[in-house]
Amino acid sequence: FIARGQVEARYQGRIVRADEVKYRTRTGLVVARGNARILNPDGTIQTADEITLDEDFSAGVAVGFSTQLEQNIRIVAASAIRRSETVTDLNRAVYTPCPICTPEGQPKSPTFSIQAERVIQDRERRIIYYRNAVVKVKDVPVLYAPVFFHADPTAKRASGFLVPDANLSGRRGFSFEQPYYWAISPYQDLTITPQLNTKVNPFLFLDYRKRFYSGQLNARLGYTYEA
């Protein structure tokens, strides 16, 4: 069975739209081609050049894949494998929370991005894992990590790396910060932020917070070494 021309298929709150949708009755597979889009019940949108799904839209494969998550987070990949309702495996992927287009609609390099050979988004654990990741600031590589992970944008509180920060100043030179958030318990957390500089020695910042029944404790500590 083949349908062409602004086709829309629905199943349990999930919507698939494409220029062409083919349904294979023997296998139950659904193949969407041309401006293929998946609209999920949680509001996220996934697009691809071609998407192949099982009959209940819970697993499948996509080529030329991109998705937009909460907080305007974007992930683009050469291919994607949706292994289940909660796990998506991406190949040659780019993650960025920054705009990838100018106000006029022209493509541009994001201010911050993470490029990786492989990215796994685990919605059940609310974590995004990276293999052979390269962190880029204004399209300049600043950090390589064979393994890297951070909390999924849908996670309210989860341990993991936060968005890095890079800046340039006359005193410190080029500075790069990579904060790590540790959710110690439902009532306390610690943010560990190493800062690397080209003109001065590195810094280490600690930001500890704990909430009590009658108040809250905030403690900040910084450390560096000068010979």
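Residues numbered from 1 in each chain as written. Predicted model: local features only at pLDDT ≥ 70, side-chain atom pairs only at ≥ 80, totals over all residues. Heavy atoms only, no water.

**A word on the nonpolar core**
Argument step 1. Counting 36 residues, the largest nonpolar core has Val 16, Ile 51, Leu 90, Tyr 95, Ile 114, Val 119 and Tyr 130 as its most contacted members.
Argument step 2. Here the element with the most residues in this core is strand S9 (residues 127-137); it accounts for five residues.
Argument step 3. Excluding anything up to four places from it in sequence, Val 119 contacts Thr 88, Asp 89, Leu 90, Ala 93, Ile 128, Tyr 129 and Tyr 130. (Core = buried A, V, L, I, M, F, W, Y, C linked by side-chain atoms within 4.5 Å. Buried < 20%, exposed > 50% of the residue type's maximum accessible area, 1.4 Å probe, protein only. Helix = DSSP H or I, 4+ residues; strand = E, 2+ residues; numbered from the N terminus. Contact = heavy atoms within 4.5 Å.)

**Quick look at the environment of Pro 194**
Argument step 1. The residue Pro 194 is located in strand S15 (residues 188-197) in this model.
Argument step 2. By relative accessible area, which is 34% here, Pro 194 ends up partly exposed.
Argument step 3. Considered as a pair, Pro 194 and Ser 66 are 128 residues apart in the sequence and their alpha carbons are 32 Å apart.

**Some remarks on the side chain of Glu 177**
Argument step 1. Along the polypeptide, Glu 177 turns up in strand S13 (residues 173-177).
Argument step 2. Within the local environment of Glu 177, its side chain forms a polar contact with the side chain of Gln 195, the two groups lying 2.6 Å apart.
Argument step 3. With sequence-adjacent residues up to four places away left out, Glu 177 is seen in contact with Pro 164, Asp 165, Thr 193, Pro 194 and Gln 195. (Polar contact = N/O pair within 3.5 Å; in protein donor to acceptor, adjacent residues only side chain to side chain.)

**Some points on the confidence of the model for the protein**
Argument step 1. On average, residues of the protein score 83 in pLDDT, and 96% of them are at 70 or above.
Argument step 2. At the low end of the mean pLDDT range in the protein sits strand S11 (residues 160-161), at 76; at the high end sits strand S16 (residues 203-211), at 93. (pLDDT = per-residue confidence, 0-100.)

**As for the pattern of salt bridges**
Argument step 1. Applying the stated criterion across every chain yields a total of nine salt bridges.
Argument step 2. Where Arg 33 meets Glu 20, a salt bridge forms, and the shortest distance between an N and an O atom there is 3.4 Å. Taken together, the residues span a long stretch of sequence, with Arg 33 in strand S3 (residues 30-39) and Glu 20 in strand S2 (residues 14-23) at a distance of 13 residues.
Argument step 3. For the salt bridge of Arg 220 with Asp 207, the shortest nitrogen-to-oxygen distance reads 3.7 Å. Of this pair, Arg 220 sits in strand S17 (residues 216-224) while Asp 207 is found in strand S16, placing the two residues 13 residues apart along the sequence.
Argument step 4. Given the relative accessible area of 74%, Arg 220 is considered exposed.
Argument step 5. It is possible to trace a salt-bridge network through shared partners that takes in Arg 4, Glu 20, Arg 33 and Glu 50. (Salt bridge = Lys/Arg side-chain N within 4 Å of Asp/Glu carboxyl O.)

**Considering the packing of aromatic side chains**
Note on aromatic pairs: each is described by the distance of the centres and the angle between the planes.
Argument step 1. Applying the stated rule across the entire model yields four aromatic pairs.
Argument step 2. Taking 6.1 Å as the distance between ring centres and 85° as the angle between the ring planes, the aromatic pair formed by Tyr 95 and Tyr 130 counts as edge-to-face. In this pair, Tyr 95 is assigned in strand S7 (residues 87-96) and Tyr 130 in strand S9, connecting sequence segments 35 residues apart.
Argument step 3. With a relative accessible area of 6%, Tyr 95 lands in the buried category. (Phe/Tyr/Trp six-rings, centres within 6.5 Å; stacked < 30°, edge-to-face > 60°.)

**Examining the sheet that holds S2**
Argument step 1. Here we have ten strands laid out as an open sheet, ordered S1-S2-S3-S4-S5-S6-S7-S8-S9-S10, and antiparallel in their pairing. With one partner strand each, in any of the chains shown, strand S1 (2-11) and strand S10 (140-151) form the two edges of the open sheet. Between one strand axis and the next, the sheet turns by 15° as a mean value, whatever way the strands run. (Pairing = 2+ DSSP bridges. Axes fitted to C-alpha atoms, helices over the stretch in contact; angles between N-to-C directions.)

**Regarding the side chain of Gln 178**
Argument step 1. Relative to the elements of secondary structure, Gln 178 occurs in the loop between S13 and strand S14 (180-185).
Argument step 2. Among residues more than four places away in sequence, those in contact with Gln 178 are Phe 148, Phe 161, Leu 162, Pro 164, Ile 192, Thr 193 and Pro 194.

**A word on the environment of Ile 2**
Argument step 1. As for its placement among the helices and strands, Ile 2 is situated in strand S1.
Argument step 2. On a C-alpha basis, the gap between Ile 2 and Glu 20 in space is 7.2 Å, while along the polypeptide they are 18 residues apart.

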